[in-house]
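Survey of secondary and tertiary structure
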Amino acid sequence: MAEKLIGLAHIGIIVADAEVSKDFYLNTLRFDLKAENTLPNGVKLIFCDAGTCQIELICPPVPVQRPEGVVSHIAIECKNIEAWVEELRAKGVKFESEQVSVMDGLLGGAKNIFLNGPDG
């Protein structure tokens, strides 16, 4: 059985302009810059420390229309992600990919895998 979850790691928010949003979260709200990277598909990611949680600003290369108030995702922190995936698959949870991926060069090589909640 996988160890108990550590807690909420970050909340992902899709933004239209990476630099405008980065300025707002870092300078207006005074969050701290944790990491930023541009993925091979052109999506820019900016992680901002917000006390005990992080906000991930997600800026696609082509603007995406989202209804007001929609959060793209939440990230849950755990130890041994592979054990969690195995346990959740055994409970019937469906994942968007078959394998855990490693985000080289971002947050020390963060591991992740995406799944949908009961409402998709």
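These lines cover the structure that appears in this document, whether it is placed above or below. (Residues numbered from 1 in each chain as written. Predicted model: local features only at pLDDT ≥ 70, side-chain atom pairs only at ≥ 80, totals over all residues. Heavy atoms only, no water.)

1. Thoughts on the sheet that holds strand β4 (residues 53–59)
For the record, the criterion: Pairing between strands requires that DSSP locate at least two bridges from one strand to the other. Under the DSSP-based scheme used, a helix requires at least four consecutive residues in state H or I and a strand at least two consecutive residues in state E, with every element numbered from the N terminus. Comment: axis = line fitted to C-alpha atoms, over the contacting stretch for helices; angle = value between 0 and 180 degrees taken between N-to-C directions.
Spatially, five strands are ordered β2-β3-β4-β1-β5 in an open sheet, and the strand pairing comes out mixed. Two strands close off the open sheet at either side, each with one partner strand: β2 (32–38) and β5 (73–77). Shown here is a sheet whose adjacent strand axes are inclined to one another by a mean of 20°, direction ignored. Both strand β3 (residues 44–50) and β4 contribute to a ladder of seven bridges, which runs antiparallel.

2. Details of the nonpolar core
Definition in use: Residues belong to one nonpolar core when they are buried, are Ala, Val, Leu, Ile, Met, Phe, Trp, Tyr or Cys, and are joined through side-chain atoms within 4.5 Å. Residue exposure (1.4 Å probe, protein chains only): buried if accessible area is under 20% of the type maximum, exposed if over 50%, otherwise partly exposed. By definition in these notes, contact holds between two residues if any of their heavy atoms fall within 4.5 Å.
Among the nonpolar cores identified, the biggest contains nine residues, and these are Val-15, Ala-18, Tyr-25, Leu-26, Ile-46, Cys-48, Ile-55, Leu-57 and Cys-59. When contributions to this core are tallied by element, the ones reaching two or more residues are α1 (18–28), β3 and β4. If we ignore the near neighbours within four places in the chain, the residues touching Tyr-25 are Ile-13, Arg-30, Phe-31, Cys-48, Ile-55 and Leu-57. If you look at the next biggest cluster of nonpolar residues, it comprises seven residues, including Val-43, Phe-47, Met-103 and Leu-106.

3. Structural notes on the pairing of β3
Of the strand pairs in this sheet, β2 and β3 are connected by six bridges, and their pairing is antiparallel. When the sheet's bridge partners are listed, Leu-33 is paired in β3 with Cys-48. Linkage of β2 to β3, two consecutive antiparallel strands, is achieved through a turn of five residues, within which Gly-42 is found at a positive phi near 90°.

4. Some remarks on the packing of aromatic side chains
Heads up, the rule is: Paired rings are identified among Phe, Tyr and Trp, the last through its six-membered ring, by centres lying within 6.5 Å, and are further divided according to the angle between planes into stacked (under 30 degrees), edge-to-face (over 60) and tilted (the rest).
If you walk through the whole model with that rule in mind, you get two aromatic pairs. Summarising the aromatic geometry, the rings of Phe-24 and Tyr-25 are spaced 5.2 Å apart at their centres and angled 90° between planes, so their arrangement reads as edge-to-face. Residue Phe-24 is classed as partly exposed on the basis of its relative accessible area of 38%. Among the residues examined, Tyr-25 registers a relative accessible area of 15% and is labelled buried. Seen in terms of ring centroids, Tyr-25 and Phe-31 are 5.7 Å apart; in terms of plane orientation they differ by 45°. Their pairing is tilted. An aromatic cluster of at least three residues, connected via ring pairs, comprises Phe-24, Tyr-25 and Phe-31.

5. Observations regarding the side chain of Glu-87
Within the fold, Glu-87 resides in helix α2 (residues 81–90). Once residues lying within four places of it in the same chain are set aside, the contact partners of Glu-87 are Met-1 and Ala-2.

These figures come from the coordinates and say nothing about function on their own.
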